Amino acid sequence: MEKLLITPLNAWHKAHGAKMVPFAGWEMPVQYSGILAEHQHCRTKACIFDICHMGEFSLKGPGSKDALAKAVTQNLETLAPGKCRYGFLLNPAGGVMDDLIVYRVAEDEFMLVVNGACVETDFAAIKSRLPEALSFTDISEQTAKIDLQGPKSFEVLTRALPGDWTKLGYFSFVKAAFEGVDIIVSRTGYTGELGYEFYLPADKAQALWEKLAADPEVIPAGLGARDTLRLEMGYPLYGQDLDTEHTPTEAGYAGMLTSAADYVGKAHVADVREKLVALSIEGRRSARHYDKVCLPGGEEVGMVTSGSFSPTLGHSVALAYVKADAADAAEFVVKAAKVDLPARKVDLPFYAGGTARTKLS
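Overview of the structure. Within every chain, residues take consecutive numbers counted from 1 along the sequence as written. Note on the predicted model: pLDDT of at least 70 is required for a residue's local features to be given, and 80 or more for side-chain atom pairs to be given and counted; whole-chain, interface and lining totals, by contrast, use all residues. Hydrogens are left out, water is left out, and the side-chain values use all remaining heavy atoms of the structure.

Concerning the pairing of strand 17 (residues 315-323)
Our working rule: Accessibility here uses a 1.4 Å probe with only protein chains present; expressed as a share of the type maximum, an area under 20% marks a residue as buried, one over 50% as exposed, and anything in between as partly exposed. Elements are defined by DSSP. Helices are runs of H or I of four residues or more, strands are runs of E of two residues or more, and each kind is numbered from the N terminus. Two strands pair if DSSP finds at least two bridges between them.
Most of strand 17 is tucked away: seven of the nine residues are buried. Looking at chain direction, strand 14 (residues 274-281) and strand 17 are connected through eight bridges and run antiparallel. Within the sheet, the bridge partner assigned to Ser280 lies in strand 17 and is Val317. Looking at chain direction, strand 16 (residues 300-310) and strand 17 are connected through eight bridges and run antiparallel. Residue Met303 lies in a different strand from strand 17, and its bridge partner there is Tyr321. Counting the residues that bridge the hairpin from strand 16 to strand 17 gives four residues, and of these Gly314 lies at a positive phi of roughly 85°.

Structural data, given as structure tokens:
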């Protein structure tokens, strides 16, 4: 069995009673006090998440923008320095190799943030699409990432790193200082709540984590709550709701594909064979990944990609790929273990009360 990678916070997690599990090749905390308690705390106060398993790449040099625009789907023409944008790395058939966020650090400098399980394949794919003259480096090992999420996160941030944070808008970032080193603080979020991400040298991760954890509004949260929080928002998880067999259009992201560049996969990015639909299920019993999805008459039309009980809504929710010609149906049946679950198609997000876009200025 391959040895699991560990984050700089691994010993802290174990010392504070976290339940550890394998995830994307890493040993990660799935919960501390419990998934439901951590979920609720993030929706009402603030939580910190160890996201050090994510990958970060640095791209520098004249012509970086035009070169990168041919490698990923983001529209970089409208991305100003200090801003970041969500998008996709595609294969030639338009399938999603990964979802990623591109940070424009300067006119000819970018940082890319990718999923932990995809670091090696992403780096190789992107490097093969870039001119050799550009500086493209994998900075994942020396870079730690900590996420602070929840409606109280602004107050926590101002106590941890004093300064005027009111001007940091949604999907923006700034450089800051912590214990004498440069860090990046961004505001994106994967929970639907107001939140911030800290990118900093790996050897400073525990110091910042402990400073945030000491705040009375904050508790640590694991992958379990992170998953239920993101699912309530309808945000996709790579490897489940996004994969190489489906295009961004099938996943519901056609509106983001505004780049005029001839990026890899563009010829097929609008191909639609199946559509990702949102399903509301009464009761606490959850649909699970791979559960079959049928029309009420019994015809099998798809498969669940993500499913969970929603702690905030009090019932279960799911995402599922269904055949395009069945995607407009209002009612479905999920073939869960030993029981059929009636499901109703709804619009995303499942939970509409998030604070992520709160204006602070």
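As for empty space enclosed by the protein
We apply this condition: Here a cavity means grid points, on a 1 Å grid over the protein atoms only, where a 1.4 Å probe fits yet cannot get out; a pocket means an open set of points with protein on both sides within 12 Å along at least five of seven lines; lining residues are those with an atom within 4 Å of a point. Grid points are joined across faces, edges and corners, and a volume is the space filled by probe spheres set on the points. Three classes are used: nonpolar for Ala, Val, Leu, Ile, Met, Phe, Trp, Tyr, Cys and Pro, charged for Asp, Glu, Lys and Arg, and polar for all others, with Gly counted as polar.
Counted under the stated rule, the structure contains one cavity of 30 Å³ or more. There is about 40 Å³ of room inside the largest cavity. Residue lining of the largest cavity: Pro29, Tyr32, Phe49, Asp50, Ile51, Ala221, Gly222, Leu223 and Arg226, and that is the complete set. Those elements that place two or more of their residues in the lining of the largest cavity are strand 3 (46-50) and helix 7 (223-233). When grouped by side-chain class, the residues that make up the lining of the largest cavity number six nonpolar, one polar and two charged.

Quick look at the state of the cysteines
Put simply, the test is: Cysteine sulfur atoms are paired as a disulfide whenever they fall within 2.5 Å.
Applying the stated criterion across every chain, the model contains zero disulfides. No disulfide involves Cys42; its sulfur sits 4.7 Å from the nearest other cysteine sulfur, which is in Cys47. By relative accessible area, Cys42 is classed as buried at 0%. Free of any disulfide, Cys84 has its nearest cysteine sulfur in Cys52, 18 Å distant.

As for the packing of aromatic side chains
By convention here, two paired aromatic rings are described through the distance between centres and the angle between planes. To keep it simple, the criterion reads: Note on aromatic pairs: the rings of Phe, Tyr and Trp (six-membered ring only in Trp) are paired at centre separations within 6.5 Å, and the planes decide the class, stacked below 30 degrees, edge-to-face beyond 60, tilted for the rest. Only lysine NZ and arginine CZ atoms are considered, and such an atom sits over a ring when it is within 6 Å of the ring centre and within 35 degrees of the ring normal.
Enumeration according to the criterion identifies 12 aromatic pairs in this entry. Taking 5.2 Å as the distance between ring centres and 70° as the angle between the ring planes, the aromatic pair formed by Phe57 and Phe123 counts as edge-to-face. Of this pair, Phe57 sits in strand 4 (residues 55-60) while Phe123 sits in helix 4 (residues 119-128), and the two are 66 residues apart along the sequence. A single burial state applies to Phe57 and to Phe123, both of which are buried. Centroid distance Tyr86 to Tyr253: 5.9 Å. Interplanar angle 55°. Geometry classified as tilted. With Tyr86 in strand 5 (residues 84-90) and Tyr253 in the loop between helix 7 and strand 14, this pair connects stretches of sequence that are 167 residues apart. Accessibility classification places Tyr86 together with Tyr253 in one group, the buried group. One aromatic cluster is present, built from ring pairs that chain together Trp12, Tyr32 and Trp209. Looking at Arg226, its charged tip hangs above the ring of Phe49, at a distance of 6.0 Å from the centre.

A word on the layout of surface pockets
Taking a probe equal in size to a water molecule and rolling it over the atoms shows the remaining empty space. Empty space within the second largest pocket amounts to approximately 550 Å³. Forming the boundary of the second largest pocket are 24 residues, of which Leu5, Trp26, His53, Gly116 and Val119 lie nearest the centre.

Topic: helix 5 (residues 153-160)
How we decide: Arc definition: directions from the helix axis to the C-beta atoms.
The set of residues buried in helix 5 consists of Ser153, Phe154, Val156, Leu157 and Ala160. Each buried residue of helix 5 sits inside an arc of 160° when the element is viewed along its axis, so together they form one side.

Quick word on the pairing of strand 19 (residues 339-346)
Remember that side chains alternate between the two faces of the sheet whenever the strand is regular. Where strand 14 meets strand 19, four bridges bridge the pair, whose relative direction is antiparallel. Its bridge partner being in strand 19, Ser280 is matched across the sheet by Arg344. Taken together, the six bridges between strand 18 (residues 331-336) and strand 19 define a ladder with antiparallel strand orientation. By the bridge assignment for strand 19, Val334 is matched with Leu341. As consecutive antiparallel partners, strand 18 and strand 19 are separated by two residues, and within that stretch Lys338 has a phi angle of approximately 65°, a positive value.

Section: unusual backbone geometry
Residues apart from glycine generally show negative phi values, whereas peptide bonds are mostly found in trans. Between Leu348 and the following residue, Pro349, the backbone shows a cis peptide bond with an omega angle of 0°. With a phi angle near 55°, Ala24 is a residue other than glycine that sits in the positive phi range. By the secondary structure assignment, Ala24 is in the loop between strand 1 (19-23) and strand 2 (26-31). Using a relative accessible area of 33% as the deciding quantity, one classes Ala24 as partly exposed. Positive phi is not limited to glycine here, since Glu179 has a value of about 50°. Here Glu179 is to be found in the loop between strand 10 (172-178) and strand 11 (181-187).

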